[in-house]
Amino acid sequence: MKEAAAQRLIFLISLLFWTSGQVLPVSLTVIPSRSQFFEHESVILICEDENGSDGWTVRRNATRHTRAECKGWGTPAGSTCNMDYLLPGDTGLYWCESINGSSSSSSSIQLSVSGGSVILQSPVLPVMEGDDVTLSCRAKNPTHNLPAAFYKDGSFIGDETTGNKILNSVKKSDEGLYKCNVKGHGESPSSRIFVKEKPTSTAPPTTEAPPTTEATPTTDAPPTCSLSPLLIITLLCHLVVMFLFFICSFLLGFSFGLRTKGSDPLPCVKMTLPPQAELVPEDDD
């Protein structure tokens, strides 16, 4: 009984080792990289992780589908989903999800398919704080850029003769819904732009102070160490594994000790035969 329990514990430890190495981030790539498309255009959606595996599928929430896999509305090829003939009904939220049913998934993105004559070409993924972002107002016919008016959250933010609006050094306050209008052609759907915070970096070296009579010694600041949530989870998993390993070793040693103690040979008992009676010859009468 104890041996069976120890074997089950070893199996659980192996399973924990395997699952602790499966925490892989996945992202959804859109080709071409924009959030709005004209009707009848095509788009390719690719789920990518660090190992380049094919264990992902694209799902969506659209007008006609909820959490539907690519095979129901596109053409799957491994972790890629091809959409060759877009329709306005394909507007919705798209994301990557693990095929094996685990909770791993990517962030969702919004794709819009317009049946009109104008779309706004904007970043489909969140942009980094401090980067420059270009918004392009594109008419279906003619295909070259035309003068356009741009709006953020319904408020006018400027006219551009080239049809391109540049947002310099974006910050959190630049997040919002953007759209454009081309006179005589119409208005584009709205697309939301997300801005993510720029990761903190080490402070730049300070300029040296002019020489003085007595220079005061300066001490370097101790390096800071920050642990990511993924690293913390991995360390906790390894600690749990080590704890279970010691329990397993104790149970196995205890079980084998009982078997050895219970299998001692029986003490040897020396058997002696009773002496045979001497045969006395009978007297002949």
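Model, not experiment: these values are computed from the prediction.

### Topic: the nonpolar core
Alright, step 1. L28, V30, L45, V58, W73, Y94 and L111 are the most contacted members of the largest nonpolar core, which has 21 residues in total.
Alright, step 2. Counting only elements with at least two residues in this core, the list comes to β1 (26-31), β3 (43-49), β4 (56-62), β7 (80-83), β8 (92-98) and β9 (109-114).
Alright, step 3. Residue contacts for Y94: discarding those within four places in its chain leaves L28, L45, V58, R59, R60, W73, M83, S107, S108, I109 and L111.
Alright, step 4. In this structure, V118, V133, L135 and I193 belong to the second largest nonpolar core, which totals 17 residues.

### Focus: unusual backbone geometry
Alright, step 1. Cis geometry is adopted by the peptide bond preceding P32, which originates at I31 and carries an omega value of 0°.
Alright, step 2. Located in the positive-phi region is R67, a residue other than glycine, with phi close to 55°.
Alright, step 3. Along the chain, R67 falls in strand β5 (residues 66-69).
Alright, step 4. Non-glycine residue S169 carries a positive phi angle of around 45°.
Alright, step 5. Within the element layout of this structure, S169 appears in the loop between β15 (164-167) and β16 (176-182).

### Structural notes on a nonpolar patch on the surface
Alright, step 1. On the surface, I232, L236 and L239 cluster together into a nonpolar patch covering about 290 Å² of accessible area.
Alright, step 2. Within the secondary structure layout, L239 lies in helix α2 (residues 229-262).
Alright, step 3. Residue L239 is classed as exposed on the basis of its relative accessible area, which comes to 59%.

### Examining the layout of surface pockets
Alright, step 1. Of the voids in this model, the largest pocket is the one considered here, and its volume is about 400 Å³.
Alright, step 2. Forming the walls of the largest pocket are 20 residues, and the residues nearest its centre are S108, I109, Q110, V124 and P126.
Alright, step 3. Among the secondary structure elements, those contributing two or more residues to the lining of the largest pocket are β1, β9 and β18 (191-193).
Alright, step 4. Taken together, the residues of the lining of the largest pocket sort by class into 10 nonpolar, 9 polar and 1 charged.

Cut-offs and rules
Residues numbered from 1 in each chain as written. Predicted model: local features only at pLDDT ≥ 70, side-chain atom pairs only at ≥ 80, totals over all residues. Heavy atoms only, no water. Core = buried A, V, L, I, M, F, W, Y, C linked by side-chain atoms within 4.5 Å. Buried < 20%, exposed > 50% of the residue type's maximum accessible area, 1.4 Å probe, protein only. Helix = DSSP H or I, 4+ residues; strand = E, 2+ residues; numbered from the N terminus. Contact = heavy atoms within 4.5 Å. Patch = residues over 30% accessible without salt bridge, like charges linked within 9 Å, V, L, I, M, F, W, Y side chains within 5 Å. Areas by Shrake-Rupley, 256 points an atom, 1.4 Å probe, with all protein chains shown as cover. Salt bridge = Lys/Arg side-chain N within 4 Å of Asp/Glu carboxyl O. 1 Å grid on protein atoms, 1.4 Å probe; cavity = no way out; pocket = protein on both sides within 12 Å on 5 of 7 lines; lining within 4 Å. Points joined across faces, edges and corners; volume = space filled by probe spheres on them. Nonpolar A, V, L, I, M, F, W, Y, C, P; charged D, E, K, R; others polar.

So far we have only geometry, and geometry alone does not tell us how the molecule works.
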